[in-house]
Every structure is written in C-alpha cells, then in structure tokens.
Amino acid sequence: MKQTITPDIFSTPQGTTITTPTEQIILDPQQGADCSQAKLIIITSLTTNSVLFDPQPLPCPLYISQELFTLLQKLAATDLLPPLKHHLKIIPYTYPLYHDGWTITAKANEDGLYGALVLLLTGPDQQKIGYCFRFDQGGIHNKRIKKWKKWLKASNISHLLLGQSMFSNEPTPLMTYRGWQKHLTKLLAATTTTTTFAINPWKIDQVLQLAKTAQQHHFNVSWQPQFAPVITYYQAHSFVAPENIAEPTANLVQVTAQPDWDFRQQISPDLLNQLAVQPQQLGPADQQQFLTYFAPAQIVFLP
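Residues numbered from 1 in each chain as written. Predicted model: local features only at pLDDT ≥ 70, side-chain atom pairs only at ≥ 80, totals over all residues. Heavy atoms only, no water.

On to the overall build of the protein. In terms of helices and strands, the protein carries 6 helices and 18 strands. The proportion of buried residues among the 303 residues of the protein is 54%. Put simply, 64% of the contacts in the protein that link residues at least 6 apart link residues at least 24 apart. About 14300 Å² of surface is accessible on the protein, with carbon and sulfur atoms providing 52% of the total. (Helix = DSSP H or I, 4+ residues; strand = E, 2+ residues; numbered from the N terminus. Buried < 20%, exposed > 50% of the residue type's maximum accessible area, 1.4 Å probe, protein only. Contact = heavy atoms within 4.5 Å. Areas by Shrake-Rupley, 256 points an atom, 1.4 Å probe, with all protein chains shown as cover.)

Here we take up the environment of Asn-142. Tracing the backbone through its elements, the reader meets Asn-142 in helix α2 (residues 142–154). Judged by its relative accessible area of 19%, Asn-142 is buried.

With that out of the way, let us pick up the sheet that holds strand β3 (residues 15–19). Strand order in the open sheet formed by 7 strands is β1-β2-β3-β4-β5-β6-β7, and the pairing between neighbours is mixed. Strands with a single pairing partner mark the edges of an open sheet, and in this sheet they are β1 (3–6) and β7 (88–90). When the angles between neighbouring strand axes are averaged without regard to direction, this sheet yields 25 degrees. (Pairing = 2+ DSSP bridges. Axes fitted to C-alpha atoms, helices over the stretch in contact; angles between N-to-C directions.)

So, about the packing of aromatic side chains. On inspection of all chains with the given rule, the structure shows 4 aromatic pairs. A ring pair is formed by Phe-135 and Phe-290, whose centres lie 6.1 Å apart and whose planes are at 40 degrees; its orientation type is tilted. Here Phe-290 lies in helix α6 (residues 284–293) and Phe-135 lies in the loop between β11 (128–132) and α2, a separation of 155 residues in the sequence. We classify Phe-135 as buried; its relative accessible area is 4%. Here a set of aromatic residues connected by ring pairs shows up, and it is made of Phe-135, Trp-148, Phe-290, Tyr-293 and Phe-294. One Lys or Arg, Lys-2, reaches over the ring of Phe-10 and ends 4.3 Å from the middle of that ring. The residue whose ring lies beneath Lys-149 is Tyr-293, and the NZ or CZ to ring-centre distance is 6.0 Å. (Phe/Tyr/Trp six-rings, centres within 6.5 Å; stacked < 30°, edge-to-face > 60°. Lys NZ or Arg CZ within 6 Å of the ring centre and 35° of its normal.)

In terms of nonpolar packing, the biggest core is built from 22 residues, with Ile-91, Leu-119 and Leu-121 touching the most fellow members. Of all the secondary-structure elements, those providing two or more residues to this core are β4 (24–27), β5 (38–42), β9 (102–108), β10 (117–122), β11 and β18 (298–302). (Core = buried A, V, L, I, M, F, W, Y, C linked by side-chain atoms within 4.5 Å.)

With that settled, the discussion passes to the pattern of salt bridges. Considering all chains together, one arrives at 1 salt bridge under this definition. Between Arg-144 and Glu-67 there is a salt bridge, and its shortest N-O distance comes to 3.2 Å. Taken as a pair, Arg-144 in helix α2 and Glu-67 in helix α1 (residues 66–77) lie far apart in primary sequence, 77 residues in all. (Salt bridge = Lys/Arg side-chain N within 4 Å of Asp/Glu carboxyl O.)

Here the focus is α2. Between its first and last C-alpha atoms α2 spans 19 Å; for 13 residues at 1.5 Å apiece the expected length is 18 Å, and the two agree. Listed in full, the buried residues belonging to α2 are Asn-142, Ile-145, Trp-148, Lys-149, Trp-151 and Leu-152. Positive backbone phi, approximately 55 degrees, marks Asn-156, located one or two places after α2. (Expected span 1.5 Å × (residues − 1).)

So, about the confidence of the model for the protein. Interpretation of the predicted coordinates at a detailed level should be avoided for regions scoring low in pLDDT. Averaged over every residue, the pLDDT of the protein is 75; the share at 70 or more is 66%. Below pLDDT 50 for its whole length, residues 237–251 participates in 29 contacts with residues either more than four positions away or in separate chains. (pLDDT = per-residue confidence, 0-100.)

Moving on to the sheet that holds strand β8 (residues 97–99). Taken in spatial order, the 6 strands make up an open sheet running β8-β9-β10-β11-β12-β18, and their pairing is mixed. Across the chains shown, the open sheet's two edge strands, defined by having one partner strand only, are β8 and β18. Between one strand and the next, the sheet's axes are offset by a mean angle of 20 degrees, whatever the strand orientation. As paired strands, strand β12 (residues 159–163) and β18 are joined by 5 bridges and run parallel to one another.

In terms of residue burial, β3 counts as a mostly covered element, since 4 of its 5 residues are buried. By the bridge criterion, 4 bridges tie strand β2 (residues 9–12) to β3 in an arrangement that is antiparallel. Bridged to Phe-10 within β3 is Thr-17. The pairing of β3 with β4 spans 4 bridges and is classified as antiparallel. When the sheet's bridge partners are listed, Thr-17 is paired in β4 with Ile-26. Connecting β3 to the next strand, β4, in antiparallel fashion are 4 residues.

Our next topic: empty space enclosed by the protein. Considering all chains together, one arrives at 3 cavities of 30 Å³ or more under this definition. Its volume calculated, the second largest cavity comes out at about 50 Å³. For the lining of the second largest cavity, the class distribution of residues is 3 nonpolar, 3 polar and 5 charged. (1 Å grid on protein atoms, 1.4 Å probe; cavity = no way out; pocket = protein on both sides within 12 Å on 5 of 7 lines; lining within 4 Å. Points joined across faces, edges and corners; volume = space filled by probe spheres on them. Nonpolar A, V, L, I, M, F, W, Y, C, P; charged D, E, K, R; others polar.)

Structure, rendered in structure tokens:
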C-alpha cells in the first residue's frame, strides 16, 4: 500500500521515500524495500526487519546516530554481532545534513533500544516536515520525547509523519524498563548472596543502569567475558571478568546473556522482538493528543 504524503514524499510498509530531482532518500527501509535508486538511507529506529541487518551491502551510505554507530562497532569488535557490510555514516544531532536540495536535522529520541532519532525535513520550497518512526512512552529517556515535540512544534512543521505503532506501558509479557528497575532495586535490597541477571547488550542504557544500581547497594559486578569490553568502553570502571573469580562471593551480581541470545548467531527474525516491549497501536487518546498539540500541522500515520 503506497501512501502519498506530498508530491515529493510517499510511504509504504517498507519505508518512507523522499524523491529529489535526481535520486531518492529513504527513511527506515525494511528488508525487501527497493533501495536501488537511493543515494542516502537513514535508520532512525531498530526493527526486526531493518535493512541495517541485511547481509548484502546497500548501494549507498546508511546514516545512523553516533550512539548506535558506536554500539554496533563495539558489539562487532567483541563478537557479539556479525560485522555489518554497509557503508555506515553518522548523522549528528542538531547539525543539518544537506542533500540534493533537502536539509535533514536529527534530534535524539527514545525507542526502548538505543540510538533512536527524530528528523526535521526541510524541502527545497522550505516546507518543514517532522518524522518520528517510533518512540517508547515508558522508556528511560522520556525527556527526549518532550524535547523533540517542543522542537518540532516550534519549527512550524506542515506535516508530522508518525508511525502507527509505538512502544507503550501497556501490560505485556516483557517487563518495561521502569518495572525492571523497580524489581532490580527491590531484589538487591533484600539479598546478601550472589544474584544473576540475564540481560541483552542491545539495551546498553539498561546494562549501565544495572551496574550503577548494583554498586549503590554495595554489590560487586561480574560481567560475562563478552560484556566486559563493551562496558569498559561505556563506563569508566574496571569490572572483574567471571573467569578471574575463584568462588562465588557475597554481594555479587553476575551478569550473563539472555538464554536465547547466541553471541555469534546471525540476526534472527525474532531477535529484536525479544529486546523491548512490543509496539502497540496508538490509541484514540494518544492520536488526539498529537492532533491537538501540533495543530494546524497535518498528522500522517505511516502505513
């Protein structure tokens, strides 16, 4: 299903395309999308079927955030992720990217994983369009959502392109970040023995918060060997690898991988679905909130 938004922009379930005089800019293309005419691709949010995980190299540069770029490098360097074959580039926050008459400006977002973006698209006619593929309404960086909403509103956008499904705090089989943090704090406050947590390296904010909370409760943190290089990079602490501990000690948090995570596997179709609360359709109240807040801009829910 093709949805025409403006004469220059259309969207399908495989991504959103900006048609320039000579080429295409594609936002968040999914595997199966036709990227043959693309000269620039931007990934703003991780999804199960993102072309980011396509084993074949893309025909043009693929722009991602500095956060996500660094995380991908570290995960690949420590063998947590197969090396990606794409030509990755960084789209910086706030500083515009100019391409074939279009100006693209990025802000930090929160999608429940890591390194998400929101975009302000300014066309050759100076028409301004906001773009948010997905956000997490119960995430660790909720202030980021408030900031980009205020930023886009102040930019006098004519359209806001918004994904129909968002991460939410509705009850799900998986624990939300806040629920997880509450559970962690309660558990550490009530125990004096070795405790093991199985977490995933994609949620680096959650990993770092686990270390901070554990240390606040006077627990030492023991990382699985593959985690240690990643954590050492992100936080200026020295962590003891499990193989250097002869016997379990009191007040020890052991951090391992989730049982269903194979460190050297290719990205499986279910992998990202295991990492965050599942997207939910925006309810009528949420949709109305956007319509009211961004009026008179036109809200377009992407297919």
